[in-house]
Amino acid sequence: MTRILIVEDEQDIASVLQDYLRHAGFETEHVMDGRTALERMRAAPPDLSLLDVMLPQLDGLAVLREARAHSSHPIIMLTARVEEVDRLIGLELGADDYICKPFSPREVVARVRAVLRRFAAGGAEAATAAQAGALALDETRWHAALEGATLQLTRSEFRLLQALAKSPGRIFSRGQLLELAYDDALDVTERAVDSHVKNLRRKLAAAAPGHEWIRSVYGVGFSFEARPGS
Ligand code: CA
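What comes next concerns the included structure. (Residues numbered from 1 in each chain as written. Predicted model: local features only at pLDDT ≥ 70, side-chain atom pairs only at ≥ 80, totals over all residues. Heavy atoms only, no water.)

**Brief notes about the coordination of the calcium ion**
- Listed as protein donors to the calcium ion are Asp 9 (OD), Asp 52 (OD) and Met 54 (O); their distances from the metal cover 2.1 to 2.3 Å.
- Here the donor residues of the calcium ion are spaced in sequence according to D-x42-D-x1-M. Of this pair, Asp 9 sits in the loop between strand S1 (3–7) and helix H1 (11–23) while Asp 52 sits in strand S3 (residues 48–52), and the two are 43 residues apart along the sequence.
- Asp 52 gets classed as buried once you look at its relative accessible area, which sits at 2%. (Donors = N, O, S within 2.8 Å, 3.2 Å for Na, K, Ca; no water. Helix = DSSP H or I, 4+ residues; strand = E, 2+ residues; numbered from the N terminus. Buried < 20%, exposed > 50% of the residue type's maximum accessible area, 1.4 Å probe, protein only.)

In structure tokens, the structure reads:
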């Protein structure tokens, strides 16, 4: 059975999460603080951890940093504020996803499933390799193809897609995409990023329908998502 470790010092939130996750067929374990979390990750490695950022004593970021030294199991951070996520992503500590409070437990279950699916595909590296097969980007000719279908992209769209697809599943903030995808970020606004992403999504959907290739994370940014099973 797939085991989820919930690291959360607020009992009410933890109880709701446990109920929903168990109902969805997961086994759960709940710990209240960071030190116990690290102990449990070592003693009985979970398949996935839900890790609150604000914890007494050892906070979620310190736990994430320590956990990453000895484990690559998927970790989803729970954070109190949308504004915090931008900063967390900037720290690049290796979380696999972020969920903002207040959240709907249903959303948490969906995100847990999505992250586990990504890992079941053989880990981040395999996902990247599979993705490289589905998406072909030739920078010398500015030629892009998705699942064999040619994409007619502007240079901005091409650069955006290139930046996102380099790390499938990773969430990029608009600010990060500005830096990665535009030569002169000063001339481009975050609103322009939104409109380029919108056009890009439309073109990806037309070329290879039936999958949301670019996920929009409300208030945070965007990620490129591999098609499940690819
Ligand atoms: Ca907390």
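Resuming the write-up.
**Remarks on the packing of helix H7 (residues 155–165) against helix H8 (residues 174–181)**
- The geometry of H7 relative to H8 is characterised by a closest axis approach of 9 Å and an angle of 115° between their N-to-C directions. The pairing of H7 with H8 is recorded here as roughly perpendicular in orientation. As H7 packs across H8, the resulting crossing turns out to be right-handed. Across the interface between the two elements, Arg 159, Leu 160, Ala 163 and Leu 164 of H7 pack against Leu 177, Leu 180 and Ala 181 of H8.
- Classifying every residue of the contact of H7 with H8 gives 6 nonpolar, no polar and 1 charged. (Axes fitted to C-alpha atoms, helices over the stretch in contact; angles between N-to-C directions. Parallel < 35°, antiparallel > 145°, perpendicular 65-115°, else oblique. Left-handed = near helix turned anticlockwise from the far one by under 90°. Contact = heavy atoms within 4.5 Å. Nonpolar A, V, L, I, M, F, W, Y, C, P; charged D, E, K, R; others polar.)

**Let's talk about the sheet that holds strand S10 (residues 214–217)**
- Taken in spatial order, the 3 strands line up as S9-S11-S10 in an open sheet, and their pairing is antiparallel. At either end of the open sheet lies a strand with only one pairing partner, and these are strand S9 (172–173) and S10.
- Examined bridge by bridge, S9 and strand S11 (residues 221–224) share 2 bridges and lie antiparallel to one another. Bridging across to S11, Phe 172 finds its partner in Phe 222.
- H7 rests against S9, S10 and S11 of the sheet, and its axis sits at about 75° to S11.
- Running at roughly 145° to S10, helix H9 (residues 190–207) makes contact with S10 and S11 of the sheet. (Pairing = 2+ DSSP bridges.)

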